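A closer look at the structure
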Amino acid sequence: MSGVADPACQTVLVKQEFAQSPRSTVGLEWEIMLADPDTGDLVGRAPELLAALEDESAPERHTVTGELLTNTIEVTSGIGQDVAHAVGDIAAAIAAVRARTDPAGIELLSAGSHPFAQWFDQRVTDKTRYHRLIERTQWWGRNMMIWGIHVHVGVEDRDKVMPIIGALSAYLPHLQALASSSPFWAGERTGYASNRALVFQQLPTAGLPWPLHTWADFERYLDDMVRTGVMADASEVRWDIRPAPRWGTIEVRACDGLSTLAELASVASLVQVLVEHFSRRLDVGERLPTMPSWFHRENKWRAARYGLDARVIVDEDGNQREVREHLTELLSTLAPVAADLGCGDEFAATRVILESGASYERQLRVADAADGDLREVVHHLIHEFRSGPGVPVV
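None of the values given here were measured: they were computed from a predicted structure.

**Some remarks on the layout of surface pockets**
What the second largest pocket holds in volume is close to 800 Å³. Those elements that place two or more of their residues in the lining of the second largest pocket are α4 (161-168), β8 (206-207), α7 (215-227) and α9 (293-306). In terms of residue count, α9 provides more of the lining of the second largest pocket than any other element does, six residues in total. Among the residues making up the lining of the second largest pocket, the classes are represented as 19 nonpolar, nine polar and three charged.

Below is the structure:
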């Protein structure tokens, strides 16, 4: 994208196109750590695996690619007609990765942070865009030892995108709490359910979205950012929830890395159902609800600090609810939408997270049982990634 806005009228001279995308289709991205099976330390061995994995995934619906650090791979789905379709792609991608990592003596795990790894022991992937990012962001960039998931949901009309993002922003703390999995950082117990949430927002253009109401507002924002050299194009918008013009989707990026495939499916279904719910309200001419940006900012901090025990602000009047309680009601209210979308089982399984605890809670229980030995937390995460939730004997 390029172009200059007229300072007199602030007219955007170059439009930001929004790709055609089937309504409420689903795409998933999952960042996964590579670790030594004995010590639990991260291993920077992605480069030796990726050439073969990328070739093997070329004819498939899924992809396997590298990330900022050499200790990470990312798996992505194709365009899923429903959540199960996209999750099936992710499962196939993980199976392909394991076919390479198991013989190489490498284990896989997922969480928002590694419990004890140090940034100075890690290597940056040798790509120009990553080196440019580190050069610009320096200490904060080098500390980006974070892993997350991204959920894309197709939107058929770009005029719906910014209103849906505005309404969906009120549910980012709920999604963030469900996915919280970074209670440890560099060997320290942080006291936060999601330390990743607060680290990631230190990057330029990251954090909560600006309160933009129309697609033209978004275009003006992009034009300003490009003209002033902040970013090259829309792909460098790193908001917790953002338009993804290339794909024709709304992309939720607020969540820590989910520790199990079942949890990924549940969180993805919640995102899909919320987007469809708000899209239907727009179809009948409703004005979607919004909240002041300062409420969103406070909610993000509360969810990062307290996870599922957070009490969050739920409307513009400042009414507050416990996240667990509010989510339980939401699951009942929106169950018919989930059924229509074919993700009723995944949506209902969100209750399992509410009842048994999110990943951050399970990690803390393991650490307590192991007298604070964070190697046992890593082994627990490795076990969960293979087998699903369940605290192993330590």
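**Remarks on empty space enclosed by the protein**
According to the stated counting rule, one finds one cavity of 30 Å³ or more in the structure shown. Of the pockets and cavities examined, the largest cavity occupies roughly 40 Å³. Forming the walls of the largest cavity are Ser 169, Leu 172, Pro 173, Gln 176, Leu 208, Asp 240, His 296, Asn 299 and Lys 300. For the lining of the largest cavity, the elements supplying multiple residues, two or more each, are α5 (172-179) and α9. Taken together, the residues that form the lining of the largest cavity break down as three nonpolar, four polar and two charged.

**Notes on the packing of aromatic side chains**
Counted under the stated rule, the structure contains 11 aromatic pairs. Consider the rings of Tyr 171 and Phe 278, whose centres lie 6.1 Å apart with planes at 45°: the pair is tilted. Residue Tyr 171 is found in the loop between α4 and α5, and its partner Phe 278 is found in helix α8 (residues 261-283); the two are separated by 107 residues along the sequence. Considered together, Tyr 171 and Phe 278 belong to a single accessibility category, that of buried residues. Between Tyr 221 and Trp 239, the ring centres sit 5.1 Å apart and the planes meet at 45°, which makes this aromatic pair tilted. With Tyr 221 in helix α7 and Trp 239 in strand β9 (residues 238-239), the pair connects residues that are 18 residues apart, well separated along the chain. Among the aromatic residues, those joined into a cluster by ring pairs are Phe 18, Trp 215, Phe 218, Tyr 221 and Trp 239.

Cut-offs applied
- Residues numbered from 1 in each chain as written.
- Predicted model: local features only at pLDDT ≥ 70, side-chain atom pairs only at ≥ 80, totals over all residues.
- Heavy atoms only, no water.
- 1 Å grid on protein atoms, 1.4 Å probe; cavity = no way out; pocket = protein on both sides within 12 Å on 5 of 7 lines; lining within 4 Å.
- Points joined across faces, edges and corners; volume = space filled by probe spheres on them.
- Helix = DSSP H or I, 4+ residues; strand = E, 2+ residues; numbered from the N terminus.
- Nonpolar A, V, L, I, M, F, W, Y, C, P; charged D, E, K, R; others polar.
- Phe/Tyr/Trp six-rings, centres within 6.5 Å; stacked < 30°, edge-to-face > 60°.
- Buried < 20%, exposed > 50% of the residue type's maximum accessible area, 1.4 Å probe, protein only.

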